Amino acid sequence: MARRPMMAANWKMNKLLGEARDYVEQLLPRIEGAEGVDVAIFATFTSLGELVRLTQGTPVVAGAQNFYYEDSGAFTGEVSAPMLEDVGAGAVIVGHSERREIFGETDETVGRKAARAVSAGILPVVCVGETKEERDAGSMWEKVSGQVRAVFEHLDAGEIGGEAIVFAYEPVWAIGTGETATPEDAQDAIGRLRGLLGEFGGEDFAGEVRILYGGSIKPGNVNDIMAQRDVDGGLVGGASLEAESFAELVNGASNAKED
Ligand code: 13P
């Protein structure tokens, strides 16, 4: 079964309301011709509601960058899955390396969040990836496979179907550095990740789950990355902040996987 490519903008901690409005206004006409690709924008909580409103009736899915797996209660500063549903978010990033490294998220919390998002019908984009030290030490796969295994301690792959979850392989050393993994490195890690998914949900499941690459994607390298067999799209930081360059990436992803 062919997987539908996805191009996703992670705005990180950027964009005021007015900037979000201008961006969507500039983006929509530029991606009108992009067929066969899912487009998502992951916004801050303060602009998420506005983004949902602006993208209603368009192919763009509005998503959050994080949430907490409990539904309500004494968790000051947190936002729950029912709150994301309430505001109209269709997707959520889980376990971004910045959450893991700066805010101390663990494999355990990432697993719980992924499971809660799936049960709420919100598409989780679960991020995994190794640091430079881990790659240099030859432990890339140990790190990445451990992160993936932790997710399936909380989630029954046999029950959910491969379209209920997305993974993003984001090597930490390639994020915001301008240093992109080679297309072969991306394929190597993502191909192995897909193989591992088969252990949890069988071959059909593994063949359905979309796996994105993230880390210094830009219009100049998107085609080579998208050309890799197991790479189904991108999760983009810096190059997603301007509507024009994100539109190029969306159109690139649409063309890349056309048969
Ligand atoms: P950059 O595209 O800025 O490297 O960021 C990647 C990323 O972290 C997306 O989640």
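Preceding this paragraph is the structure being described.
Quick look at the structure, then. Everything quoted here is computed from the prediction, not taken from an experiment.

## Quick word on the side chain of Asp232
Here Asp232 is to be found in the loop between helix H10 (222–226) and strand S8 (233–236). A residue is classified by how much of its surface remains accessible, and Asp232, at 4% relative accessible area, is buried. Here the side chain of Asp232 touches Arg194 through a polar contact of 2.8 Å, side chain to side chain. Excluding anything up to four places from it in sequence, Asp232 contacts Arg3, Arg4, Pro5, Met6, Arg194, Val209, Arg210, Ile211, Leu212 and Met226.

## Things to note about the site of the ligand
In the vicinity of the ligand, 13 residues are found, and the nearest of them are Lys12, His96, Gly176, Ser216 and Gly238. Contact between the ligand and Lys12: an oxygen atom at 2.8 Å from a side-chain N or O atom of the residue. Gly237 has a polar backbone atom sitting 2.9 Å from an oxygen atom of the ligand. For the ligand, the accessible surface in isolation is 310 Å², of which the surrounding protein chains cover 95%. Looking at the shell around the ligand residue by residue, the class counts come to 4 nonpolar, 7 polar and 2 charged.

## Overview of the sheet that holds strand S7 (residues 210–214)
Taking strand neighbours around the barrel as the criterion, the 8 strands line up as S1-S2-S3-S4-S5-S6-S7-S8 in a closed arrangement whose pairing is parallel. For this sheet, the mean angle separating the axes of adjacent strands, direction not counted, is 25°. One ladder, built from 4 bridges, connects strand S4 (residues 91–94) with strand S5 (residues 123–128); its direction is parallel. Looking across to S5, one finds that Val92 is bridged to Pro124. Sitting on the sheet, helix H2 (residues 45–55) is in contact with strand S2 (38–43) and strand S3 (60–64), with an inclination near 165° to S3. Its contacts with the sheet place helix H11 (residues 243–256) against strand S1 (6–10), S2 and S8, and it is angled at close to 160° to S1.

## A few points about the packing of helix H1 (residues 17–30) against H11
Contact geometry of H1 with H11 gives a least axis separation of 9 Å together with a crossing angle of 30°. Taken together, the axis directions place H1 and H11 in an arrangement best described as roughly parallel. In this structure, the crossing between H1 and H11 has a hand that is right-handed. Facing Tyr23, Gln26, Leu27 and Arg30 of H1, the residues of H11 in contact are Ala243, Glu244, Phe246, Ala247 and Asn251. Tallied by class, the residues present in the contact of H1 with H11 amount to 5 nonpolar, 2 polar and 2 charged.

## Side note on H2
Of all the positions in H2, only Ser47, Leu48, Glu50, Leu51, Val52 and Thr55 are classed as buried. On the buried face of H2, the contacting elements are H1, S2, S3 and helix H3 (81–87). Following H2 by one or two positions, Gly57 has its phi on the positive side, about 75°.

## Some points on the environment of Leu235
Here Leu235 is to be found in strand S8. For Leu235, a relative accessible area of 1% translates into the label buried. C-alpha separation for the pair Leu235 and Tyr169, spaced 66 residues apart in sequence, amounts to 8.9 Å.

## Examining the nonpolar core
Ranked by size, the top nonpolar core spans 72 residues in total, and within it Met7, Phe167, Leu197, Tyr213 and Phe246 carry the most contacts. Broken down by element, the residue count for this core peaks at 8 residues, all from helix H9 (residues 183–208). The contact partners of Tyr213, leaving out residues within four places of it in the chain, are Tyr169, Pro171, Ala174, Thr180, Ala181, Ala186, Ile190, Ile225, Val231, Gly233, Gly234 and Leu235. The next biggest cluster of nonpolar side chains, apart from the first, holds 13 residues, and it includes Ala40, Val125, Ala168 and Leu212.

## Considerations on the pairing of S8
Residues Gly233 and Leu235 point to one face of S8 and Gly234 and Val236 to the other, with burial holding for every one of them. Pairing geometry for S1 and S8, over 4 bridges, is parallel. Bridging from a neighbouring strand, Ala9 pairs with Val236 of S8. As paired elements, S7 and S8 share 2 bridges and run parallel to each other. Note on S8: the bridge partner recorded for Tyr213 is Gly234.

Thresholds, definitions, all that
- Residues numbered from 1 in each chain as written.
- Predicted model: local features only at pLDDT ≥ 70, side-chain atom pairs only at ≥ 80, totals over all residues.
- Heavy atoms only, no water.
- Helix = DSSP H or I, 4+ residues; strand = E, 2+ residues; numbered from the N terminus.
- Buried < 20%, exposed > 50% of the residue type's maximum accessible area, 1.4 Å probe, protein only.
- Polar contact = N/O pair within 3.5 Å; in protein donor to acceptor, adjacent residues only side chain to side chain.
- Contact = heavy atoms within 4.5 Å.
- Near = heavy atom within 4 Å.
- Areas by Shrake-Rupley, 256 points an atom, 1.4 Å probe, with all protein chains shown as cover.
- Nonpolar A, V, L, I, M, F, W, Y, C, P; charged D, E, K, R; others polar.
- Pairing = 2+ DSSP bridges.
- Axes fitted to C-alpha atoms, helices over the stretch in contact; angles between N-to-C directions.
- Parallel < 35°, antiparallel > 145°, perpendicular 65-115°, else oblique.
- Left-handed = near helix turned anticlockwise from the far one by under 90°.
- Core = buried A, V, L, I, M, F, W, Y, C linked by side-chain atoms within 4.5 Å.

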